[in-house]
Amino acid sequence: MLTTQLSDARTAPLSLATPSPTGAAWQRQAKLWSNLKEVCDLLRIPAKLSADDFQFQHMQFKAGQRIHTIGQPFDMLYVVNSGFLKTVMIDELGNEQVLGFPMKGDMFGIDGIHRKQYATETVALSNCDVILIPFKVFAGLGRSHPELEASIYAVMSRELVREQAMVGTLGSLSAEARVARFLVFLSERFTEMGYSGTQFNLRMTRQEIGNYLGLTLETVSRTFSAFNTIGLIGVDQRAIVIHDLQSLRTLRRLPPSRVRAKADAAKAKPAAAAA
């Protein structure tokens, strides 16, 4: 049986800095290995090889921990089994640019293939379970099973197309439309993962959303409040309820402030009457 070959330092379980019942339970329940079929199912690609011939190791990360860093030698691709992360670039002055938010079924680390070192770093936004795919193992599989190699490259292309689509969005839409499209993107991803696409919690901060969309924290917060006022969404801290997904898909700009003021006043009347 072929298994991933990793150093003791990388395979040792990560302990939580501040143990808690929830964190301890999460670690105890974490899966240690996945076979090839399970990995392919997670990536939404077919696997025609014997599932038990290949085993890939999981690693668990606590929120705030880095999975890989910029400049680290490249040897691994990663697949998110559970949890939420962010991928960032950091310039020579220490400024951070958020490039994406990997979640269940996403592959990351592909930026390291070209120069044999990672050009980005990926940080856990929540407790995460990540499957390690040694690149040498992947390359060996590709040589002997071209159809699998083509499927994996299709997954890589999917990730790049998703990033390019967002870049195009940033250059052509208003600030309000960028936030709306981001909420639609999250809704669609949660639906793909089998969760509710209309009620979910944001794992990223308003600051991180703004960084990703090229907006300020204030603009993101103000836009969320405006969407709440006109009834497109409901907002409670990081909890989001989407009331009108289609309007978010087609939104170009917010209605004039006087229209939003009327909507806000209309919402306030029942509350005042109840008081």
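Remember, predicted model here, so these are calculated numbers, not experimental data.

What counts, and at which threshold
Residues numbered from 1 in each chain as written. Predicted model: local features only at pLDDT ≥ 70, side-chain atom pairs only at ≥ 80, totals over all residues. Heavy atoms only, no water. Helix = DSSP H or I, 4+ residues; strand = E, 2+ residues; numbered from the N terminus. Contact = heavy atoms within 4.5 Å. 1 Å grid on protein atoms, 1.4 Å probe; cavity = no way out; pocket = protein on both sides within 12 Å on 5 of 7 lines; lining within 4 Å. Points joined across faces, edges and corners; volume = space filled by probe spheres on them. Nonpolar A, V, L, I, M, F, W, Y, C, P; charged D, E, K, R; others polar.

Brief notes about the side chain of Arg-206
- Mapped onto the elements of the fold, Arg-206 is located in helix α7 (residues 206-213).
- For Arg-206, the contacting residues outside a window of four places in its chain are Leu-217, Val-220, Ser-221, Phe-224, Val-235, Gln-237 and Arg-238.

A short note on empty space enclosed by the protein
- According to the stated counting rule, one finds two cavities of 30 Å³ or more in the structure shown.
- There is about 90 Å³ of room inside the largest cavity.
- Every residue lining the largest cavity is listed: Leu-36, Val-39, Cys-40, Leu-43, Phe-56, Met-107, Ile-133, Phe-138, Leu-141, Leu-148 and Ile-152.
- The element best represented in the lining of the largest cavity is helix α3 (residues 36-43), accounting for four residues.
- A breakdown of the residues in the lining of the largest cavity according to their chemical character gives 11 nonpolar, no polar and no charged.
- Here the second largest cavity defines a volume of roughly 30 Å³.
- Of the residues that constitute the lining of the second largest cavity, the class distribution is six nonpolar, one polar and one charged.

Concerning the layout of surface pockets
- Each pocket or cavity is described by its volume, and for the largest pocket that value is around 370 Å³.
- Every residue lining the largest pocket is counted, 19 residues in all, and those nearest its centre are Thr-87, Leu-99, Gly-100, Glu-159 and Glu-163.
- For the lining of the largest pocket, the secondary-structure elements that each account for two or more residues are β6 (85-90), β7 (96-100), β8 (107-108), α5 (146-172) and α6 (175-192).
- Considering each element in turn, the lining of the largest pocket owes the most residues, three residues, to α5.
- Residues of the lining of the largest pocket, tallied by class, amount to nine nonpolar, four polar and six charged.

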